[in-house]
Amino acid sequence: ETGVTQSPTHLIKTRGQQVTLRCSSQSGHNTVSWYQQALGQGPQFIFQYYREEENGRGNFPPRFSGLQFPNYSSELNVNALELDDSALYLCASSPGQGLDEQYFGPGTRLTVT
Amino acid sequence: SQQGEEDPQALSIQEGENATMNCSYKTSINNLQWYRQNSGRGLVHLILIRSNEREKHSGRLRVTLDTSKKSSSLLITASRAADTASYFCATVSYTGRRALTFGSGTRLQVQP
């Protein structure tokens, strides 16, 4: 197992609500990336943080936002939840800026009803 | 959007047989990586091959890369029931965002 942890493990929210997911990166890693994985699909890149600054963003609307803290842990916030936001949200950390191997957490399963 | 496609989408073999999965991608890459995912859980990195490499081995895994065809293959030899999982290829491009772009995955079932 990697040293990346995510919380919570599972979450059920209602459409229109807001959610915050959390990730603790592996020790020594200064880059955190977030991915969304719909059922039966490959993960899709949401955004990446490097030393507390956003370092790249995928094709996700602004209601997906994030933060990285001085200890390199990170949050993913999603506002105005939609049914299609139901997915597994994966956090990955890496020692560099995402070019090489990334270390994934176990994910947070979000269900929007 | 996905970078490319994996082929086949699903594969069922007997324990001891070899499993081959293929991946195609669309843009120039810095490297290509293979990950494994057990049902609904986090991804585990298996192997990374750089754009100037053609073949790489790690234990029972063999990865090839053909940049002229924009394709890669993952071979798992002497498969075990514990190899049952989904396998994804992911690319990192030379330009643009420094993040993994994943394919759609191959679901491998190894029958004991």
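Details of the structure are given in the entry above.
Residues numbered from 1 in each chain as written. Chains lettered and ligands numbered in written order. Predicted model: local features only at pLDDT ≥ 70, side-chain atom pairs only at ≥ 80, totals over all residues. Heavy atoms only, no water.

Considering the overall build of chain B
A tally of helices and strands in chain B yields zero helices and 11 strands. Seen in sequence order, chain B has helices and strands lined up from the N terminus as β-β-β-β-β-β-β-β-β-β-β. By the compact-globule yardstick of 13 Å for 112 residues, chain B fits well, its C-alpha radius of gyration being 13 Å. Projected onto the principal axes, the alpha-carbon positions of chain B cover approximately 45 × 30 × 20 Å. Sorting the 112 residues of chain B into buried and exposed places 49% on the buried side. Split by element, the accessible area of chain B, about 5300 Å² in all, is 45% carbon and sulfur. Distance between charge centres in chain B, computed from 14 positive and 9 negative side chains, equals 8 Å. (Helix = DSSP H or I, 4+ residues; strand = E, 2+ residues; numbered from the N terminus. Rg over C-alpha atoms; globule rule 2.2 N^0.38 Å. Buried < 20%, exposed > 50% of the residue type's maximum accessible area, 1.4 Å probe, protein only. Areas by Shrake-Rupley, 256 points an atom, 1.4 Å probe, with all protein chains shown as cover. Lys, Arg positive; Asp, Glu negative; His and termini not counted. Charge placed at Lys NZ, Arg CZ, Asp CG, Glu CD.)

Considering the pairing of strand β11 (residues 108–112) of chain A
A regular strand places its side chains so that they alternate between the two faces of the sheet. All names here are of chain A. Side chains Thr-108, Leu-110 and Val-112 of β11 all project onto a buried face; the interleaved residues Arg-109 and Thr-111 project onto a face where none is buried. With four bridges connecting them, strand β2 (residues 10–13) and β11 associate as parallel partners. Counterpart to Ile-12 in the pairing with β11 is Thr-111. Looking at chain direction, strand β9 (residues 87–94) and β11 are connected through three bridges and run antiparallel. Its bridge partner being in β11, Tyr-89 is matched across the sheet by Thr-108. (Pairing = 2+ DSSP bridges.)

Regarding the sheet that holds strand β6 (residues 55–58) of chain B
Residues and elements named next belong to chain B. Strand order in the open sheet made by the five strands is β1-β3-β8-β7-β6, with antiparallel pairing throughout. Each edge of the sheet is formed by a strand with only one pairing partner; in this case those strands are β1 (5–7) and β6. The mean inter-strand angle of the sheet, taken between neighbouring strand axes irrespective of direction, is 15°. Bridge count for β1 against strand β3 (residues 19–24) is three bridges, and the pairing is antiparallel. Looking across to β3, one finds that Glu-6 is bridged to Cys-23. (Axes fitted to C-alpha atoms, helices over the stretch in contact; angles between N-to-C directions.)

With respect to the interface of chain B and chain A
Where the parts come together, the accessible area they lose is often given as the size of the interface. On the side of chain A, 25 residues touch chain B, which itself brings 24 residues to the contact. Applying the counting rule to chain B against chain A returns one salt bridge. Residues A:Asp100 and B:Arg50 are paired through a salt bridge, measuring 3.1 Å at the closest nitrogen-oxygen approach. Here chain B and chain A share five residue pairs in polar contact (both at pLDDT 80 or more) between them. When residues of the side of chain B that touches chain A are traced back to their parent elements, those giving at least two are β4 (29–37), β5 (43–50) and β9 (85–93) of chain B. For the side of chain B that touches chain A, the leading source of residues is β4(B), giving five residues. Residues that form the side of chain B that touches chain A fall into these classes: eight nonpolar, 11 polar and five charged. (Contact = heavy atoms within 4.5 Å. Salt bridge = Lys/Arg side-chain N within 4 Å of Asp/Glu carboxyl O. Polar contact = N/O pair within 3.5 Å; in protein donor to acceptor, adjacent residues only side chain to side chain. Nonpolar A, V, L, I, M, F, W, Y, C, P; charged D, E, K, R; others polar.)

Topic: the nonpolar core
Grouped together as the largest cluster of nonpolar side chains are 20 residues, with contacts concentrated most on B:Met21, B:Leu32, B:Trp34, B:Leu74, B:Ile76, B:Tyr87 and B:Leu108. Counting residues per element, the ones that place at least two in this core are β3, β4, β5, β7 (61–66), β8 (71–76), β9 and β11 (106–111) of chain B. Ranked by size, the runner-up nonpolar core spans 19 residues in total, among them A:Ala87, A:Tyr89, A:Cys91 and A:Val112. (Core = buried A, V, L, I, M, F, W, Y, C linked by side-chain atoms within 4.5 Å.)

Description of the layout of surface pockets
Empty space within the second largest pocket amounts to approximately 250 Å³. Looking at the second largest pocket, it is lined by 15 residues, and the ones nearest its centre are A:Gln37, A:Gly40, B:Gln37, B:Gly40 and B:Ser86. No other element matches the three residues that β9(B) contributes to the lining of the second largest pocket. Across the lining of the second largest pocket, the residue classes tally to five nonpolar, eight polar and two charged. (1 Å grid on protein atoms, 1.4 Å probe; cavity = no way out; pocket = protein on both sides within 12 Å on 5 of 7 lines; lining within 4 Å. Points joined across faces, edges and corners; volume = space filled by probe spheres on them.)

Here we look at the state of the cysteines
Inspection of the entire model under this criterion finds two disulfides over all chains. Two residues, A:Cys23 and A:Cys91, share a disulfide whose sulfurs are 1.7 Å apart. Note on the A:Cys23 and A:Cys91 pair: the S-S dihedral is about -45°, so by sign convention the disulfide is left-handed. Of this pair, A:Cys23 sits in strand β3 (residues 19–24) while A:Cys91 sits in strand β9; the two residues are 68 residues apart in sequence, bridging distant segments of the chain. The class for A:Cys23 is buried, based on a relative accessible area of 2%. Disulfide partner of B:Cys23: B:Cys89, at an S-S distance of 1.9 Å. On the sign convention where negative is left-handed, the bridge of B:Cys23 and B:Cys89, at about 65° about the S-S bond, is right-handed. On the criterion of sequence distance, the pair formed by B:Cys23 in strand β3 and B:Cys89 in strand β9 is long-range, its members being 66 residues apart. (Disulfide = S-S within 2.5 Å.)

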